[in-house]
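A structural walkthrough
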Amino acid sequence: MSDPYDVIIVGSGAGGGMSAYALTQAGLKVLVLEAGRNYDPSSETPMFNLPSEAPLRGSSTPDKPFGFYDATVDGGWEVKGEPYTIAEGSEPFMWWRPRMLGGRTNHWGRISLRFGPLDFKPRSRDGLGQDWPITYEELAPWYDRVERLIGVTGRAQGLENTPDSPEGCLQPPPTPRAYEAFVTRGFNSLGIPVAAMHAAVLTQPLNGRAACFYATACGRGCSIRANFQSTTVLFPPAMATGNLEIRANALVYQVDLDRTGKAKGVTFVDRVSGEHHSVSARSVVLAAGACESARILLNSKSAAFPDGLCNTHGMVGRYLMDSVGASASGQFPALENLPPTNDDGISVGHIYVPWWGYHLQARKALPFPRGYHIEMGGGRGMPSMSLGAMLSRQEALSVGDALREDARRIYGSYIGFAGRGEMIPNEDCYTDLDPEVKDKWGIPVLRFHWKWSEHETQQAAHMVKTFLEVIDRLGGTPTPGYQTDGKKAISRGGEIIHEVGTVRMGHSPEDSVVNAFGQSWAVSNLFVTDGAVLVSSPDKNPTLSILALAWRSADHLAGLARRGEL
Ligand SMILES: Cc1cc2nc3c(=O)[nH]c(=O)nc-3n(C[C@H](O)[C@H](O)[C@H](O)COP(=O)(O)OP(=O)(O)OC[C@H]3O[C@@H](n4cnc5c(N)ncnc54)[C@H](O)[C@@H]3O)c2cc1C
Ligand code: SF4
């Protein structure tokens, strides 16, 4: 490594990848330190491997929770030698971590929804949570740029708090599949609008990248670069500037300060050799994922910051949020024995249901203050073990030809519904350092504290009620196992893998850790550009917003560097 660099970026996922792209384009010399191993989707993606070639037909197993072909390397709900703990008395919390270049952008779902104007001012809307220090209008130009760069499908639909993108930003959405057209009828009959999905998948070629040919699940990664991954979309152009170096297997655990109190670099442990190294730069960007960025700050203790860097007001690790999740599925006789249709397409649904109840909440006509959107799955993709599970739910188990006939009849007649809702930050959800437990290198680990509030459990109950109404409206039967009690229906903390908010941005050092540009109030050349800076966790999945915020922060940082103000 050839330090000093202009910028060290810790982490290479959505926030880190975008920071590296924007800062190298601005001419700054950048070092990316990534805890995981190097990863090249063009050679490592099992694009054409069939479920039948995988153990258990590719089904989920404890070490491969998203199936055999999922792109996650060296991680998952557990990372060997790198534990985390749950505080006594806490509700469960789950933490998904990959250890690979590009982080979770290699296998995420690609759902890419803009937050809306109301999402940035939640406290002004209903007195709960905290307002962001920026408005939708201030972030909108970066949403435009991100959509143009990474390629996002969608269509302007004029729905409340569901922003339309300016002309030329979005790629054409794929046509709804047969079951999607069917389920649209059900929602519409309840007065609920359905919209085209916004997904980071190309339906037209873009910047030398090919359009999707609906080959295999995007969660495997994409060797033809048709979906968005930091590794295929952000790092190649960043590398081409000649301004980027990447060091893999570098687990950063501390930000180092100089005598004036500015960041002078970071210290990391090489996950392969176990050696510790320090490296210096004129500025540091933390983008290790919301929880890990908080961990690095909490572990960076000094005389000036005995409780962790930037933690003078006890704000680091606070206001941890996830999305609210609940699900149900149904079987629909109307979809049995359909003539074969082409149900291929992008990995996620081609449609989704944006939150439709803003006016009801404004009138306080619902028992919960914030909204949710609905994602759906169904159709006839490549058969997997789930077909066996569906068959076992038949009233009488069949064998031989009758079994084959049953399989053909019911295959494709199930639709799954998943709600993704806004969580309001609360005092009971946060992370701090475990006083006892350390990882295999002796670095203190995170301890999670979690408690859903009634705002979320009531919302989860409403999700399930809506799913059951739609299933009924379409003449279906709900699959047994659904829960109508919100406390039972709700996902576990962290389970939706949208954890955000531990190093939030705000108006002053008293209410936040960083300013509206992700710049630390306490250390002016230290930035945070991952999900940690989010002030709220709207129902819209967070990654498009993480990318837009990271690009905006990078532009600010580059401006400071140009003016000699770092
Ligand atoms: C299965 C799945 C589906 C998802 N679907 C969607 C979706 O459809 N839409 C959506 O918006 N979001 C989705 N998400 C969430 C999305 O992946 C995250 O919001 C996003 O990747 C967060 O970006 P990040 O930069 O904060 O973190 P990450 O992308 O996780 O990047 C963090 C990087 O930092 C590295 N790192 C960690 N610790 C250290 C350290 N100490 N030192 C150095 N490097 C470190 C990690 O290895 C990783 O590469 C999904 C996630 C999963 C797992
Ligand atoms: S569905 Fe399309 S974008 Fe996704 S991995 Fe397959 S070819 Fe690539």
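Read on for an overview of the structure. Numbers given to residues run from 1 along each chain, matching the order in which its sequence is written. Labels are handed out in written order, letters beginning with A for the chains and numbers beginning with 1 for the ligands. In view of the model being predicted, local features appear only for residues whose pLDDT reaches at least 70, and side-chain atom pairs are presented and counted only at 80 or more, with totals across whole chains, interfaces and linings using the full set of residues. As a rule here, side-chain values cover all heavy atoms of the structure and leave hydrogens and water aside.

1. Things to note about the pairing of strand β1 (residues 5–10)
The criterion, for reference: Under the scheme applied here, a residue whose accessible area is under 20% of the maximum for its type counts as buried, over 50% as exposed, and between as partly exposed, the area being computed with a 1.4 Å probe on protein chains only. Going along the chain from the N terminus, every DSSP run of H or I of four or more residues is numbered as a helix, and every run of E of two or more is numbered as a strand. Whether two strands pair depends on DSSP finding at least two bridges between them. Place the viewer so that the strands point away; then a crossover is right-handed whenever the path from the first strand over the helix to the second strand goes clockwise.
Within β1, six of the six residues are buried, which leaves the element mostly enclosed by the surrounding structure. Both β1 and strand β8 (residues 276–286) contribute to a ladder of five bridges, which runs parallel. Of the residues in β8, the one forming a bridge with V10 is L286. Two strands pair when backbone bridges link them, and β1 and strand β2 (residues 30–33) are joined in this way by four bridges, in the parallel orientation. Of the residues in β2, the one forming a bridge with I8 is L31. What joins β1 to β2 is helix α1 (residues 14–25), and the crossover it makes is right-handed.

2. Topic: unusual backbone geometry
Of note in the backbone geometry, N207 takes a positive phi value of approximately 45° without being a glycine. Looking at the element boundaries, N207 is found in the loop between β4 (195–196) and α6 (230–240). With relative accessibility at 60%, the residue N207 sits in the exposed group. With a phi close to 65°, C310 is a non-glycine residue in the positive phi region. Mapped onto the elements, C310 comes out in the loop between α7 (290–299) and β9 (324–331). You can call C310 buried: its relative accessible area is 10%.

3. Topic: the site of ligand 1
Rule in force here: Nearness of a residue to a molecule or strand requires only that one of the residue's heavy atoms be within 4 Å of it. Pairing of N or O atoms within 3.5 Å defines a polar contact, subject to two protein rules: one partner must be a possible hydrogen donor and the other a possible acceptor, and residues neighboring in sequence count only if both atoms are side-chain atoms. To be clear on the numbers: accessible area is Shrake-Rupley with a 1.4 Å probe, and residue cover counts the displayed protein chains and nothing else. Note on residue classes: Ala, Val, Leu, Ile, Met, Phe, Trp, Tyr, Cys and Pro are nonpolar, Asp, Glu, Lys and Arg are charged, and everything else, Gly too, is polar.
Residues in contact with ligand 1 amount to 37 residues; listed here are only the nearest, E34, R104, G109, E292 and T543. Separating a nitrogen atom of ligand 1 from a backbone N or O atom of G109 is a distance of 2.7 Å. Computed on the free molecule, ligand 1 has an accessible area of 1,000 Å², of which 94% lies beneath the protein chains in the complex. Per-element tally for the shell around ligand 1: the top contributor is strand β6 (residues 250–257), with three residues. Considering only residue class, the shell around ligand 1 consists of 19 nonpolar, twelve polar and six charged.

4. Points about the environment of K121
Selection criterion: Only heavy atoms enter the contact rule, under which two residues are in contact if any of them lie within 4.5 Å.
For K121, the position within the fold is in the loop between β3 (85–86) and α3 (122–126). In this structure K121 comes out as partly exposed when scored by relative accessible area, which is 24%. Spatially, the C-alpha atoms of K121 and S536 are 9.1 Å apart, while their sequence positions differ by 415 residues. The residues touching K121, leaving out its near neighbours within four places in the chain, are D131, W132, P133, I134 and T135. Here I134 takes part through its backbone oxygen, which lies 3.4 Å from a polar atom of the side chain of K121.

5. Details of the packing of α1 against helix α13 (residues 543–562)
Spelled out, the test is: Where helices are involved, their axes are fitted lines through C-alpha atoms of the stretch in contact, as for all axes, and angles between N-to-C directions lie from 0 to 180°. Throughout, a crossing is termed right-handed when the near helix is turned clockwise from the far one, and left-handed when it is turned anticlockwise from it by less than a right angle.
Packing of α1 against α13 leaves a shortest axis separation of 8 Å and a crossing angle of 35°. In the packing of α1 onto α13, the handedness of the crossing is right-handed. When α1 is examined against α13, the residues A14, G15, M18, S19, Y21, A22 and L23 are found in contact with a partner set consisting of T543, I546, L547, A550, W551, A554, L557 and A558. Residues that form the contact of α1 with α13 fall into these classes: twelve nonpolar, three polar and no charged.

6. With respect to the pattern of salt bridges
It is possible for side chains bearing opposite charge to pair when their charged atoms get close. Heads up, the rule is: Salt bridge, as used here: a side-chain nitrogen of Lys or Arg that lies within 4 Å of a carboxyl oxygen of Asp or Glu.
For the structure shown, the criterion picks out 24 salt bridges. The salt bridge partner of R247 is D270, with a shortest N-O separation of 2.9 Å. Of this pair, R247 sits in strand β5 (residues 244–247) while D270 is found in strand β7 (residues 263–270), placing the two residues 23 residues apart along the sequence. Two residues, E469 and K465, come together in a salt bridge whose shortest N-O distance is 3.6 Å. With E469 and K465 both in helix α11 (residues 454–473) and four residues apart, the pair spans about one turn of that helix. On the basis of relative accessible area, K465 is assigned to the partly exposed category, the value being 47%.

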